[in-house]
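# Descriptive structure summary
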Amino acid sequence: MIPPSTKSIKYFLYARKSTDVEDMQILSIEAQLSELRELAKRENLTIVEELIEKKSAKVPGREIFNQMLDRIDKGHAQGIICWHPDRLAR
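Keep in mind it's a predicted model, so treat the numbers as computed, not measured. (Residues numbered from 1 in each chain as written. Predicted model: local features only at pLDDT ≥ 70, side-chain atom pairs only at ≥ 80, totals over all residues. Heavy atoms only, no water.)

Glancing now at the overall build of the chain. Counting its secondary structure elements, the chain contains two helices and three strands. For the chain, buried positions account for 34% of its 90 residues. Pairs at least 24 apart in sequence give 72% of the contacts found in the chain among residues at least 6 apart. By element, 55% of the accessible surface of the chain is carried by carbon and sulfur atoms, the whole surface being about 5600 Å². (Helix = DSSP H or I, 4+ residues; strand = E, 2+ residues; numbered from the N terminus. Buried < 20%, exposed > 50% of the residue type's maximum accessible area, 1.4 Å probe, protein only. Contact = heavy atoms within 4.5 Å. Areas by Shrake-Rupley, 256 points an atom, 1.4 Å probe, with all protein chains shown as cover.)

Okay, here's the thing in structure tokens:
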């Protein structure tokens with residue numbers, strides 16, 4: 001459950017599917033987005049944009065992810081909603 005005070009925050013939805021074979025157990029991009037959309041609707045969250053990346057996190061330089069962080073720094077959104085924290089880091 002998202003605390004009521006965070007409902008006025010703007011969010012990016014971020015879905016990433018690695019190109020690694022070992023990462024095949026991760027939900028598809030569309031399945032991730034579907035779950036994230038349901039969460040946002042249920043919690044009445046403001047979604048600025050849906051961002052999709054199809055690249056392994058093992059290789060430096062995830063362009064879309066880096067652009068998203070820059071946009072957060074510029075105030076376009078204040079948070080990220082992703083299917084699982086491992087979609088953000090490695």
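Moving on, we come to helix α1 (residues 29–42). Quick reminder: α-helices carry 3.6 residues per turn. Residues three or four places apart thus point the same way. Here α1 spans 20 Å end to end across 14 residues, near enough to the 20 Å set by a 1.5 Å rise per residue. Buried residues of α1: I29, Q32, L33, L36 and A40, and no others. Mapping the buried residues of α1 onto a view down its axis gives an arc of 95 degrees, with all of them on the same face. Exposed and facing more than 90 degrees away from the buried side of α1 are K41 and R42. Contacts made by the buried residues of α1 are with β1 (10–16), β2 (46–53) and β3 (79–82). N44 occupies a position one or two residues after α1 and carries a positive phi of about 55 degrees. (Expected span 1.5 Å × (residues − 1). Arc of directions from axis to C-beta.)

As summarised here, the arrangement of the three strands in space is β2-β1-β3, forming an open sheet in which the pairing is parallel. Lying at the two open borders of the sheet, with one neighbouring strand each, are β2 and β3. Taken over all neighbouring pairs, the strand axes of this sheet differ in orientation by 30 degrees on average, direction set aside. Alignment of β1 against β2, held across seven bridges, turns out to be parallel. Among the inter-strand pairings, R16 is bridged to a residue of β2, identified as E53. (Pairing = 2+ DSSP bridges. Axes fitted to C-alpha atoms, helices over the stretch in contact; angles between N-to-C directions.)

Let us now look at the environment of E50. Relative to the assigned elements, E50 resides in strand β2. Overall, E50 belongs to the partly exposed group, its relative accessible area being 32%. In the structure, E50 is positioned 35 residues away from A15 in sequence and 7.9 Å away in space, judged by C-alpha atoms. Here E50 is in contact with L13, L33 and R37, once residues within four sequence places are set aside. In this structure the side chain of E50 is engaged in a polar contact, spanning 2.8 Å, whose partner is the side chain of R37. (Polar contact = N/O pair within 3.5 Å; in protein donor to acceptor, adjacent residues only side chain to side chain.)

Another point: unusual backbone geometry. Even without glycine at this site, N44 takes up a positive phi of about 55 degrees. Relative to the assigned elements, N44 resides in the loop between α1 and β2.

Take it as geometry only, folks, not as evidence of what the structure does.
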